[in-house]
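Report on the structure
Single-letter residue listing:
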Amino acid sequence: MKRPAGGDDVQSLVASARAHYLAQDLASACRSIGAAAAAAPDHRAIAFMQAQFAYEGWYPSTALFERALRLDGGNGDLVRNFALALASEGEADRAMRLLEGILARNPGWIEGQNTLATLRATAGEEDFARGFAAAAKQEPGNAALLTGWFHKLAAARQWEAARRVLAL
C-alpha cells in the first residue's frame, strides 16, 4: 500500500482500525480508517470499511457508502449495507427503492431479497415477502430463492405461507 506524506503507512492505519474495531472501540476505529481513507481515497476495501465502521458506530454513514459504491458498485454486500444504513438514517423508502431496482434486474439475489423483506416487515407491510414471490415466478427453478423465501416466512411464523412455498 502507498505511504501518505508525513504519516503512518496505510497498512498500519488499517491494522490500527481493525484492532480498535475488534476491541469494540468504534470511535477510534473510525478515526484510523478515516485517516487510511484520506491517504488512499481510491481503495475500495478501505472505503467500504470506513462506511461500515461508521454505520456500526451509529455515525452518519450514507455519504460514506455512496463514495464506496462509486468505487465498487458491483459489491452486493456493500449495496445491502448501504440500504441498511439508509433505513437506519430515516430513508427506508429510498433503501427499498434501491433494492427494488436492483432486484428487478437480478431477482435471484437472495441477500437483496432478504434485506428488502426485512425492511418491508419493519415498515409494517403485511406482504413483506412479495419480492420473493415475484422472483420465484421469474426463476422457478431457483432452489436457493425458494429456501430463502421459506426461511423468511418461517422466521415471521407465517406457517401457512411457508407451507405453500414448500409445495412449489
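Scroll up a little and you will see the structure.
Okay, so let's go over this structure. (Residues numbered from 1 in each chain as written. Predicted model: local features only at pLDDT ≥ 70, side-chain atom pairs only at ≥ 80, totals over all residues. Heavy atoms only, no water.)

**Some details on helix α2 (residues 26-39)**
Turn by turn, an α-helix covers 3.6 residues, leaving residues three or four places apart pointing in a common direction. For α2, which comprises 14 residues, the first-to-last C-alpha distance of 20 Å matches the rise-based estimate of 20 Å (1.5 Å per residue) to within 8%. All of the buried residues in α2 are L26, S28, A29, C30, S32, I33, A36, A37 and A39. Residues of α2 that are buried in the fold lie against α1 (10-22), α3 (44-56) and α4 (62-71). (Helix = DSSP H or I, 4+ residues; strand = E, 2+ residues; numbered from the N terminus. Expected span 1.5 Å × (residues − 1). Buried < 20%, exposed > 50% of the residue type's maximum accessible area, 1.4 Å probe, protein only. Contact = heavy atoms within 4.5 Å.)

**Focus: the nonpolar core**
Counting 20 residues, the largest nonpolar core has F65, L78, L99 and W109 as the members making the most contacts within it. Residue assignment for this core shows that the elements contributing at least two residues are α3, α4, α5 (76-88), α6 (92-105) and α7 (110-122). With 6 residues, the top contributor of residues to this core is α5. Setting aside anything within four residues of it in sequence, one finds F65 in contact with F48, A51, Q52, Y55, L78, N81, F82 and A85. (Core = buried A, V, L, I, M, F, W, Y, C linked by side-chain atoms within 4.5 Å.)

**Some remarks on the pattern of salt bridges**
Pairing between side chains becomes possible if they bear opposite charge and their charged atoms approach one another. A full pass over the atoms with the stated rule returns 8 salt bridges. Across the pair E66 and R94 runs a salt bridge, and its minimum N-O distance is 2.6 Å. Placement of the pair is E66 in helix α4 and R94 in helix α6, with a sequence separation of 28 residues. Note on R94: relative accessible area 29%, which makes it partly exposed. Residue R94 pairs with E91 through a salt bridge whose shortest N-O separation is 3.3 Å. (Salt bridge = Lys/Arg side-chain N within 4 Å of Asp/Glu carboxyl O.)

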